[in-house]
Amino acid sequence: MREPVPYLRLPGSRSRSLLKTTPFVGIAALCSLLIGCGQGTSTVARSDKPVSGGTLVYATDREPTCLDPHVAGDMPQVFIGQQYLDSLVSMDAEGRIGPWLAKSWEVSDDGLTYTFHLRNDVHFTDGTPFNAAAVKANLDHMANPKTQSSTAGGYIRQYRSTDVLDDDTAVVHLATPYAAFLEVLAQGFLGIESPTALQRPRDVNCESPVGSGPFKVVRWDRQSQVELVRNPDYNWAPPTAKHQGPAWLDRIVWKFIQEPSVRFASLQAGEVDVIEALPPESHEAARRNPDLQLIIAQRPGNPTNGTLNITRAPFDDLKVREAFVRSADIEGALKSVYFNEFPRAGGPLSPATRFYSPDFQHAQDYDPARAAQLLDQAGWTQRDSDGYRTKNGKRLQVHVVMGNRTPPSEFTLWEQVQATTRQAGFELIVEQMSDVQATKRQADWDYDIRLGYWNTNTADVLRIIFGSEFIRPAGVGGYHQNTAGFSDPSFDSLIQQALATQDAEQRRALYYKAQQIASSQYLQLTTYPQSTRLGIYKTTQGVRLETSLAVTYLYDAWVNK
Amino acid sequence: MTSASLSNDPSTNLSNPRRERLQQLGRRALWRLAGGVLVLWAVATLTFFALRLMPGDPVLAILGGPSGNPTAETIAEATREYGLDKPLPVQYALYLGRLVQGDLGVSYSQHLPVTRVLAEQSWPTLELTFSSLALAWLLVLALTVLTAGRRRWVGKVASLAETLSAALPHFWLGILLLAVFAFGLRLFPPAGSDGWRTLVLPSFALAIPLAGFIAQVTRESLDLTLDQPFILTARTRGLSDFKVRFKHALRHAVLPGISLSGWAIGALISGAVVTEVIFSRKGLGRQLFQAVQAQDLPLTIGISLVVAAGYVLANILVDLLYLWVDPRQQGSAS
């Protein structure tokens, strides 16, 4: 799942967002300069022993449009979903799949049938028991076009049907082998909801979804907060959890504070206990503040990137693609734009993805000499009066199409790419437009570079972004997910083979080859992995990230206040 | 004979100036209301076509834009559900038909009926708008009535303060207020929309620049009024300076300020977009910003209509208030 970050923009201003203007960034600085706010107000000692009770106030940037993560499927939904939903299976820090609501499972030799043996002691917070019929209701719900599921539904395109063998046994049938099935099932996007609640209209379920998780949603006050309270019956935590039984916290207040500097200042002042999407410019201040603790984790999937359109000139030429990638000084840009807080991503997979190989980390390193050599070989030997390279009288031009929800820091990053690739002779033209227009340009293949990323916990993401089946648009007027336009039968075959085996070492070897092909084809200029960045006030402990998507998990958290 | 019995008599009715004045006001209000309905229709139509004629498919925006991975069946189903498969004129006719019946449709992005979003989000914005306007006038009166026509430098300093505050951007002021009064002195909460305490800082952020604007025009006309012969007459009757200023001069001097307030309602609502984001308040401004981004047609039109209706009503009120404050306007009104 990719996640557009909305930024408020002043009418008429180009790339400078209201939120990025200097007075905004400076609130923390201004604050400490004026009165030294939030310093030394209380002296609560951190206790290592969990305490039961209390309310945790969580502040995040974006409000979900629906609390049911099956519908649409944007990152803010899965962050809340993780607090009130359980999944069929769990995923540990190494990316291995473990039991959760399913105790065990068998996969048929042809990879088409998954038999899940379920726990029989679980019930949803509305009293409905969890059983095989619930599994069927959930998978059917995600696959139903009426649900409007972009993420969960998109991940289980192979799903055919579920047979309810008995209460504790569900048999799931797939159309084609899909070894990544268990991995995506571990994502909160595919969390299991009460089948009774799912029978209500979609928009009702959006507002008051029901799960079996450690908390339950009690109230959603739009544009303000969601309130969750402890599920006192909870006794089916995943093996990855640090304790069993009900959660420590009585209550969670999940607030929406859109403005990054206000969110951070609220944390410093102790007005909120945990903030999400800690702005990179505040990392240093947060580290120096003894009251605060940071959790920064990279998300698995395809890192933030500019994908090169190889279906038209000049990026139809591999040499030009490599030359472009090599002439962009991403390390330098990350240093100046993100204060070195974001590491470089060099390969098609984020290091947090299972089966990631570090071997391709340096294939994109800045190397202007090599770039110049490659461009000479590709025939772009002339320079015009402005210093850009030309071939047959045509200037070496590339267009990057950006929707206006692109964060301002990304614009700055690409301005730096523009400056460094210019030295190699590229004219990089940054075109900014409405998101809808940008989507249209994408559907029409009218771009050289499109920005994107994809958060998912499986290397199968390579199929979605580079597989030939994703070149075709989905539906009338739809757009393609394979933005590069890459089509290679041997790559497709590797990816399909990786889905046909459950053997981890075989999958690793196949995904290694797939990464090798994607990397050597220079289909993307990758920049940095997406990350989850939490700031935690001293009153709160035990906050962890659920590993499948690096999502906040408050089940093990407690507060001292 | 009392005035009540007098009004029952049709022959003397016309000669009753009070009733005539009321009738005139009523007619004027009716005309303005009819004009207002026309404005609302225009707003609905313009917004409809502006959003529909934008390149790109709203269904893709609903399903997450380039960030989603919906199946072809999901796209087809959503297109059908929102009636986007019908020709544009049919969509427009259907939309207007429902609008006339008071049905604003269901928001694509919020999964809620538009009327419910409006019901939940209008009050916080109205609250903010009114408290800002009231606060702005309080500041204006305090500043101008007490300083106009005083020694030269007093007026100069006050005038400079007004110009400066009129030029302050809302977001900058908002951040400053937050830093000092919410995070520094801890006097007010930094975020939220529950209770009067959360209203104070956002109201000041909106009121201070507005007060600067209104004070500038009010001061100018107050200065002129204080030079009028009738002020001199009042003073010679022995009225205190305070009474002269508040009872006599003010009534003349607030007129430009009042007509500016009609405009100010519009300015406050657009300022509310920024202010609601900074102070994490509920409200229409923030909602409108999100609705436009998501190409949420029903919600965008719904909010535009409410804002336009508020603007029309405010201007009618200002118009009537104008007549009430200054009876001289009666002649030109008829």
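Predicted model, so just to flag it, every value in this text is computed and none were measured.

**Quick notes on the overall build of chain B**
Part 1: Helix and strand counts for chain B stand at 16 helices and zero strands.
Part 2: Against the compact-globule benchmark of 20 Å for 334 residues, chain B has a radius of gyration of 25 Å, which places it well outside the compact range.
Part 3: Along the longest, intermediate and shortest principal axes, the C-alpha atoms of chain B span 85 × 65 × 35 Å.
Part 4: Here chain B holds 334 residues, and the buried ones make up 40% of them.

**With respect to the environment of D92 of chain A**
Residues and elements named next belong to chain A.
Part 1: Its place among the elements puts D92 in the loop between strand 2 (89-91) and strand 3 (97-99).
Part 2: By C-beta crowding, D92 is classed as partly exposed, having 14 other C-beta atoms within 10 Å.
Part 3: Taking the C-alpha atoms as reference points, D92 and K440, 348 residues apart in sequence, are found 39 Å from one another.
Part 4: Discounting residues that sit within four places of it in the chain, D92 has contacts with G98, T240 and T547.

**Digging into the sheet that holds strand 1 (residues 55-60) of chain A**
All names here are of chain A.
Part 1: Ordered in space as 8-9-10-1-11-21-12, the seven strands form an open sheet in which the pairing is mixed. The open sheet has two edge strands with one neighbour each: strand 8 (215-221) and strand 12 (292-298). Neighbour-to-neighbour, the strand axes of this sheet turn through a mean angle of 20°, independent of strand direction.
Part 2: Of the pairings in the sheet, the one linking strand 12 to strand 21 (residues 531-537) comprises seven bridges and is antiparallel in character. Within strand 21, the position partnered with I295 by the bridge is L534.

**Digging into the confidence of the model for chain B**
Part 1: Predicted confidence across chain B gives a mean pLDDT of 83, with 92% of residues reaching 70 or more.
Part 2: Segment residues 1-13 of chain B is flagged for pLDDT under 50; beyond a separation of four residues in sequence, or across chains, it makes seven contacts in the model.

**Concerning helix 17 (residues 489-500) of chain A**
Residues and elements named next belong to chain A.
Part 1: An ideal rise of 1.5 Å per residue puts 16 Å on twelve residues; helix 17 measures up with 16 Å between its terminal C-alpha atoms.
Part 2: Among the residues of helix 17, F491, L494, I495, A498 and L499 are the ones counted as buried. The buried residues of helix 17 all sit within an arc of 140° when viewed along its axis, so they share a single face. In helix 17, the exposed positions angled more than 90 degrees off the buried face are occupied by P489, S490 and S493.
Part 3: On its buried side, helix 17 packs onto helix 16 (461-466) and helix 18 (504-520).

Scoring rules and cut-offs
- Residues numbered from 1 in each chain as written.
- Chains lettered and ligands numbered in written order.
- Predicted model: local features only at pLDDT ≥ 70, side-chain atom pairs only at ≥ 80, totals over all residues.
- Helix = DSSP H or I, 4+ residues; strand = E, 2+ residues; numbered from the N terminus.
- Rg over C-alpha atoms; globule rule 2.2 N^0.38 Å.
- Buried ≥ 20, exposed ≤ 12 C-beta atoms within 10 Å, placed from the backbone.
- Contact = placed C-beta atoms within 7 Å.
- Pairing = 2+ DSSP bridges.
- Axes fitted to C-alpha atoms, helices over the stretch in contact; angles between N-to-C directions.
- pLDDT = per-residue confidence, 0-100.
- Expected span 1.5 Å × (residues − 1).
- Arc of directions from axis to C-beta.

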